[in-house]
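Chain and residue survey
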Amino acid sequence: MTSRATLPLYFRMQAEQVESPPSILLVEPFYGGSHKQLLDLLQKNTSGCCSFTLPAKKWHWKARTSALYFSQTIPQCPSYRVLFCSSVLNLCELVALRPDLARLKKVLYFHENQLVYPVRKDQDRDFQYGYNQVLSCLVADVVVFNSHFNMDSFLSSIASFMKKIPDHRPSNLDALIRPKCTVLNYPVWFPDVSRLLPQHKLLRGAAQSLPVEDKSPIKDDQVCAEDPPESSCGPRSDLDRAADQIRPLHIVWPHRWEHDKNPELFFNTLLKLKERGLRFQLSVLGETFTDVPGIFSEMRSQLDSHIVNWGFQPSQQGYLQVLCDADVVVSTANHEFFGVAMLEAVHCGCFPLCPNALVYPEIFPAQYLYSTPEQLCKRLQGFCRRPDVVRRHVVMVNTSSFSWITLKSHFQNLLTGDS
C-alpha cells in the first residue's frame, strides 16, 4: 500500500481536500480542454470525489502509458466505490495492475473514439489506440458517449476495425459492449454573457434559456456561470436596423488549428467571398499545437484586410467577447463528436453553419446545415449581402438541454455505487 507521504505533492493536496473518506475516484490522463471542464464540474458538484490527473500534453504518450503511472500513484483506499475515467485511459491495463480497483463500478466516458478519428491516410492510423478503447469497454461496467453519433460510429466500426488483425480475430465484441452503452451529452457550463452582448442581440433575446446562477464578473480561470436572464430592452429603431445593414458581416471560426477541422474549406470559401467583392469581417480563434497547418499563415496575409481577431484568446472574457461580437459561426470539420465551441457561439447569439454530417444533425435543425462547399459559400454570400437578416434571426437551438444544470443529476446518478 502506498502511503500518502510518498505521493507527489499535487496528489497529497488533492487527497487532503476531501474531508470524508473518498468514494468516487476520478482519473483523467489528459487534464485539459473539455476533459478538464468535465472533471472539474464533477469534482465541484459531487461529494466524495478524489481526482488524479496528468497534464494535457503529448496525448499519444498519455494514451499509451498513463495506466501504469496511475497504478503506482493512486493509493489503495477501501472507501472507493466508483471509478470514473475518460477513454484516453487504458482502463483494462489499470484494473489488471490494480485488482483493488477492478471491484469498483467502472464508468468510462468517451469524448471521442479512435475507431473513426480522422487520419490523413488510413495506414497512418495507429491500431493500438482504438484497440485500447475496445479493451477498456470490455472491462467497464458503464460506457458513456457524449453523443449518439459517437456511440453509433464506435459500435458499428468494431467489426471492421478488428479485421486489421491478420488472423485469430475476436468476434461479436460489439454485442458484448452494446448493453453497457448509454448517451449522456457533454455538460456545457454556459457563461452569463449578458454584459458582453451587443444591443441587437439583447433585444432579440439571444441567450435566455435558463436563469443565471452566478452574475459575478467573468474571470479568466472561471469555467462559466449559467445562462443570462431575458433582456428587458425595448423595440429597435429604424436607425438601429439601418446600422445592421451597413456594418459588415462578422464571421468567426473558433476551432483547433488542425487538419481534422478542415481549415482549407473554410479559407477557400472566404477567398471566394473576397474575390466577389463582398464585405465581411473575420475572427479565427482556437488553440494551436506543435504542427500548425501552413494554410493559417498563408491566409493571414491574404485575408489581412478582413481580420479583426486572429489566434487563441488567452482570457475567457476575451474569447466570449469575440463570440458575442460575431454574427455567424462556421464549422467545416471532418471530425466532430460533440462540438462545444459551436454551442458556446450559439449561446453568444451567433447564427451557426455546420456540415450536414457527423454529430451536427443531432444538435442543429436543418436550416443551419449545409451539404456541399457550394452551399456553404452560397449561404455566406447571402449573409454578406444582407447581414441584417442574420442579426434579426433568433437561433432555434435549445442550448439549455446541453447545460450542466440540465444534465447535472444524470452525471451524479452515474457516480453512485449502484451497478
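The notes below deal with the structure included here. Note that this is a predicted model, so its numbers are computed, not measured.

Let's talk about helix H18 (residues 404-414)
Because each turn of an α-helix spans 3.6 residues, side chains separated by three or four positions in sequence point in the same direction. Within the span of H18, buried status applies to Trp-404, Leu-407, Phe-411 and Leu-414. The arc that holds every buried residue of H18, seen down its axis, measures 75°, which confines them to one face. Its side-chain oxygen 3.1 Å from the backbone nitrogen of Ile-405, Ser-403 forms the N-cap of H18.

Some thoughts on helix H13 (residues 316-325)
By the burial criterion, the buried members of H13 are Gln-316, Tyr-319, Leu-320, Val-322, Leu-323 and Cys-324. Of the surrounding elements, those touching the buried residues of H13 are helix H9 (199-203), strand S7 (249-253), strand S8 (280-284), strand S9 (307-310) and helix H14 (340-347).

A look at the pairing of strand S3 (residues 82-86)
Residues in a regular strand project their side chains so that they alternate between the two faces of the sheet. S3 sits mainly inside the fold: five of its five residues count as buried. Because side chains alternate across S3, one face comprises the buried residues Val-82, Phe-84 and Ser-86, and the other comprises Leu-83 and Cys-85, equally buried. Note: S3 against strand S4 (residues 105-110), five bridges, orientation parallel. In the sheet register, Leu-83 faces S4, and the bridge partner there is Lys-106.

Some points on the sheet that holds strand S12 (residues 369-370)
Read across the open sheet, the six strands follow the order S9-S8-S7-S10-S11-S12; overall the sheet is parallel. Each having just a single partner strand, S9 and S12 make up the two edges of the open sheet. Here S7 pairs with S8 via five bridges, running parallel. Note on S8: the bridge partner recorded for Leu-249 is Phe-280. This element, H13, spans S7, S8 and S9 of the sheet and lies at about 135° to S7. Strand contacts of H14: strand S10 (328-330) and strand S11 (351-355), with the helix running at about 155° to S11, the strand carrying the most contacts.

Concerning the pattern of salt bridges
In this structure the tally under the stated criterion is eleven salt bridges. A salt bridge links Lys-36 to Asp-40; the nearest nitrogen and oxygen atoms lie 2.7 Å apart. Within this pair, Lys-36 and its partner Asp-40 are both found in helix H2 (residues 33-45), separated by four residues, close to a single helical turn. Judged by its relative accessible area of 21%, Asp-40 is partly exposed. Notably, a salt bridge pairs Asp-141 with Lys-106, separated by 3.3 Å at the nearest N-O pair. Here Asp-141 is found in the loop between helix H6 (127-139) and strand S5 (142-145), whereas its partner Lys-106 is found in strand S4, with 35 residues between them in sequence. The partly exposed category is assigned to Asp-141, whose relative accessible area is 35%.

A few points about the packing of H2 against H18
Put simply, H2 and H18 touch, their axes get as near as 11 Å, and they point 70° apart. By the criterion of interaxial angle, the relationship of H2 to H18 is roughly perpendicular. Of the residues in H18, those in contact with Leu-38, Leu-41, Leu-42 and Asn-45 of H2 are Trp-404, Lys-408, Phe-411 and Gln-412. Among the residues making up the contact of H2 with H18, the classes are represented as five nonpolar, two polar and one charged.

Focus: the environment of Leu-176
By the secondary structure assignment, Leu-176 is in helix H8 (residues 173-177). Separated by 39 residues in the primary sequence, Leu-176 and Cys-137 have C-alpha atoms spaced 9.0 Å apart.

With respect to the packing of aromatic side chains
Within this structure, the stated rule accounts for 24 aromatic pairs. Plain terms: the ring middles of Trp-253 and Phe-266 are 5.7 Å apart, the flat faces sit at 25° to each other, and that makes the pair stacked. One end of the pair, Trp-253, is in strand S7; the other, Phe-266, is in helix H11 (residues 263-275), with 13 residues separating them in the sequence. Trp-253 gets classed as buried once you look at its relative accessible area, which sits at 0%. Among the aromatic residues, those joined into a cluster by ring pairs are Trp-253, Trp-257, Phe-266, Phe-267, Phe-296 and Trp-310.

Comments concerning unusual backbone geometry
One non-glycine residue with positive phi stands out, namely Asn-172, at about 60°. Tracing the backbone shows Asn-172 in the loop between helix H7 (148-162) and H8. Even without a glycine there, the phi angle at Asn-262 is positive, about 55°. Mapped onto the fold, Asn-262 is located in the loop between S7 and H11.

Some words on the sheet that holds S5
The six strands are arranged S2-S1-S3-S4-S5-S6 in an open sheet whose pairing can be described as parallel. Each edge of the open sheet is held by one strand with a lone partner, namely strand S2 (49-55) and strand S6 (181-183). This sheet shows a mean twist of 20° between the axes of neighbouring strands, independent of strand direction. Here S4 runs beside S5; their pairing, made up of four bridges, is parallel. The residue bridging Val-107 from the neighbouring strand is Val-142, located in S5.

Description of the side chain of Asp-192
Secondary-structure assignment places Asp-192 in the loop between S6 and H9. Of the residues examined, Asp-192 reaches a relative accessible area of 3% and is grouped as buried. Side-chain polar atoms of Asp-192 contact the side chain of Ser-194, separated by 2.8 Å.

What counts as what
- Residues numbered from 1 in each chain as written.
- Predicted model: local features only at pLDDT ≥ 70, side-chain atom pairs only at ≥ 80, totals over all residues.
- Heavy atoms only, no water.
- Buried < 20%, exposed > 50% of the residue type's maximum accessible area, 1.4 Å probe, protein only.
- Helix = DSSP H or I, 4+ residues; strand = E, 2+ residues; numbered from the N terminus.
- Arc of directions from axis to C-beta.
- Polar contact = N/O pair within 3.5 Å; in protein donor to acceptor, adjacent residues only side chain to side chain.
- Contact = heavy atoms within 4.5 Å.
- Pairing = 2+ DSSP bridges.
- Axes fitted to C-alpha atoms, helices over the stretch in contact; angles between N-to-C directions.
- Salt bridge = Lys/Arg side-chain N within 4 Å of Asp/Glu carboxyl O.
- Parallel < 35°, antiparallel > 145°, perpendicular 65-115°, else oblique.
- Nonpolar A, V, L, I, M, F, W, Y, C, P; charged D, E, K, R; others polar.
- Phe/Tyr/Trp six-rings, centres within 6.5 Å; stacked < 30°, edge-to-face > 60°.

In short, the description is geometric, and any link to function would need to be established separately.
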